[in-house]
Amino acid sequence: MKKSLKARNNDIANTARQMEILSNGIFASGELPTFAEKIKKTHQFPLRPNKLEILQINLGYMCNQVCGHCHVDAGPDRKEIMTIDTMQLCLDVIKTTEAHTLDLTGGAPEMNPNFRWFVEEASKAGIKDFIVRSNLTIIRANKKYYDLPEFFKKHNVHVVSSMPHWTRGKTDKQRGNGVFDKSIKALQELNAVGYGLEGSDLKLDLVYNPSGAFLPGDQQALENDFKKALKTEFHIDFHSLFAITNLPISRFLDYLIASENYEEYMVSLVEAYNPAAVTNVMCTNTISVSWDGWLYDCDFNQMLNLKVASTVKHISDYNEAKLQDRNIITNQHCYGCTAGAGSSCQGVVA
């Protein structure tokens, strides 16, 4: 894959088309219960937010990779980038929010031309956990990014990095030829400045997404396998591994349909539904901010253009108290976050 769905004019790039697929078919026929019907049976409807803990900000959809499973449909051809004016609005919120975690994502957030300025300013706010979600290869993509490990260290950034597998074949299949070798080099460079080492305060965590139409295995077992393989083969250390279920939106939805796995995958998600996971899904403790400042219950709702059900819909009107008094918008993609042990940007939730 060389271009995003949007650049290829694929109809799945249209969020209305994605919603049409998720709302009809086996759900409209009654063959499978809708997510709303499911959580009504477990007395969890409507879904409401808990205390806000995480402010997740998407700095833009531009990325140096075009990964097969990407729910953002990110890539080099995506030009949506957060402006410095919107960043300033976010900074004003960061200084007053009760959230303890700031989570910067993309695309590749580092490709935003004002990324470093934003990190420098945001780091002054005293947020407890300051996360940057990196695809790793950006560190090796261009000389201007080579010093990112030192920059992250200077600002005590918690680096959360995508790593599909500890083998070259599975990683490159999902993310593109050469991604594995560049990712290994980047991890070694992060280790070299102190990230991921036992006892180090410089946090380095990895994120695993399944490479096909199946749910992730046990997170702790996967972490053990990753740690053993990366240490033995490449002398790489990291702290934790987050196992995240692929949600049936954007490129992964396109893959499911093209491979004729959509209905089977949705059945597997519904059958793995865990009411205990509903309590702690990411939408209950997170506000997601898009590159243009709109507010969403989570990153996945952002990609489906499902803005928060609140009178406050944009960062320019941010009011935490009003945002807390809302119902969370759900649809069938939410089964992905409540299957098995649950799934969020911080890994399992139950």
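Residues numbered from 1 in each chain as written. Predicted model: local features only at pLDDT ≥ 70, side-chain atom pairs only at ≥ 80, totals over all residues. Heavy atoms only, no water.

A few words now on helix α8 (residues 219–234). In an α-helix, one turn spans 3.6 residues; hence positions three or four apart end up facing the same way. Taking 1.5 Å of rise per residue, 16 residues should cover 22 Å, and α8 covers 21 Å from first to last C-alpha, within 8% of that figure. All of the buried residues along α8 are Gln-219, Leu-222, Glu-223, Phe-226, Ala-229 and Leu-230. Mapping the buried residues of α8 onto a view down its axis gives an arc of 145°, with all of them on the same face. Turned more than 90 degrees away from the buried face of α8 sit Lys-228 and Thr-232, all of them exposed. Here α8 starts with a cap whose side-chain oxygen sits 3.2 Å from the backbone nitrogen of Gln-220, and that cap is Asp-218. After α8 finishes, the residue His-235 shows a positive phi value of roughly 60°. (Helix = DSSP H or I, 4+ residues; strand = E, 2+ residues; numbered from the N terminus. Expected span 1.5 Å × (residues − 1). Buried < 20%, exposed > 50% of the residue type's maximum accessible area, 1.4 Å probe, protein only. Arc of directions from axis to C-beta. Polar contact = N/O pair within 3.5 Å; in protein donor to acceptor, adjacent residues only side chain to side chain.)

Overall, the coordinates contain two cavities of 30 Å³ or more when judged by the stated rule. Here the largest cavity is characterised by a volume of approximately 530 Å³. Lining the largest cavity are 29 residues, with His-69, His-71, Thr-105, Ser-162 and Arg-175 positioned closest to its centre. At the level of elements, β3 (129–134), β4 (158–162), α9 (250–258) and α12 (299–303) are the ones that each hand at least two residues to the lining of the largest cavity. Taken together, the residues of the lining of the largest cavity break down into 12 nonpolar, 13 polar and four charged. Size it by volume and the second largest cavity reaches roughly 110 Å³. Lining the second largest cavity are 16 residues, and of these Val-281, Cys-283, Cys-298, Cys-334 and Cys-337 sit closest to its centre. Taken together, the residues of the lining of the second largest cavity sort by class into 12 nonpolar, four polar and no charged. (1 Å grid on protein atoms, 1.4 Å probe; cavity = no way out; pocket = protein on both sides within 12 Å on 5 of 7 lines; lining within 4 Å. Points joined across faces, edges and corners; volume = space filled by probe spheres on them. Nonpolar A, V, L, I, M, F, W, Y, C, P; charged D, E, K, R; others polar.)

Here we take up the sheet that holds β4. Pairing in this open sheet of eight strands is mixed, and the strands run β6-β5-β4-β3-β2-β1-β7-β8 from one edge to the other. Each having just a single partner strand, β6 (240–243) and β8 (295–296) make up the two edges of the open sheet. The sheet contact formed by strand β2 (residues 101–105) and β3 spans four bridges and is parallel. Looking across to β3, one finds that Leu-104 is bridged to Val-132. Helix α4 (residues 115–122) rests against β1 (54–58), β2 and β3 of the sheet, and its axis sits at about 175° to β2. (Pairing = 2+ DSSP bridges. Contact = heavy atoms within 4.5 Å. Axes fitted to C-alpha atoms, helices over the stretch in contact; angles between N-to-C directions.)

A few words on the pairing of β2. Burial analysis of β2 places five of its five residues in the buried class, the great majority of the element. Neither face of β2 is exposed, since Thr-101, Asp-103 and Thr-105 on one face and Leu-102 and Leu-104 on the opposite face are all buried. Relative to β2, β1 is paired through five bridges, and the arrangement is parallel. Within β2, the residue paired with Ile-57 across the bridge is Leu-104. Between the parallel elements β1 and β2, the chain passes through helix α3 (residues 84–94) in a crossover that is right-handed. Since β2 and β3 lie parallel, the crossover through α4 that links them has a hand, and here it is right-handed. (Right-handed = clockwise from strand over helix to strand, strands pointing away.)

This brings us to unusual backbone geometry. In terms of backbone geometry, most residues other than glycine have negative phi values and most peptide bonds are trans. The omega torsion of the bond from Phe-45 to Pro-46 falls at -5°, within 30 degrees of zero and hence cis. Relative to the elements of secondary structure, Pro-46 occurs in the loop between α2 (35–41) and β1. Gly-107 follows Gly-106 through a cis peptide bond whose omega is 20°. Along the chain, Gly-107 turns up in the loop between β2 and α4. Positioned with a positive phi, Asp-73 is a non-glycine residue whose angle comes to about 55°. Inspection of the secondary structure assignment puts Asp-73 in the loop between β1 and α3. Phi is positive for Glu-260, which is not a glycine, with a value near 60°. On the secondary structure map, Glu-260 appears in the loop between α9 and α10 (262–271).

What follows concerns the environment of Ser-268. Within the secondary structure layout, Ser-268 lies in helix α10. Owing to a relative accessible area of 24%, Ser-268 belongs among the partly exposed residues under this scheme. Along the backbone, Ser-268 and Ala-36 are 232 residues apart, and their C-alpha atoms lie at a distance of 17 Å. Separated by 2.6 Å, the side chain of Ser-268 and the backbone oxygen of Tyr-265 make a polar contact.

With that settled, the discussion passes to the layout of surface pockets. By volume, the largest pocket is sized at about 590 Å³. Those elements that provide at least two residues to the lining of the largest pocket are α6 (168–175), α7 (179–192) and α9. Of the residues that constitute the lining of the largest pocket, the class distribution is nine nonpolar, 10 polar and seven charged. Empty space within the second largest pocket amounts to approximately 380 Å³. Around the second largest pocket, the lining comprises 21 residues; the ones closest to its centre are Thr-15, Tyr-61, Arg-78, Gln-302 and Met-303. Broken down by secondary-structure element, the contributors of at least two residues to the lining of the second largest pocket are α1 (15–23) and α12. Residues belonging to the lining of the second largest pocket are distributed by class as follows: seven nonpolar, eight polar and six charged.

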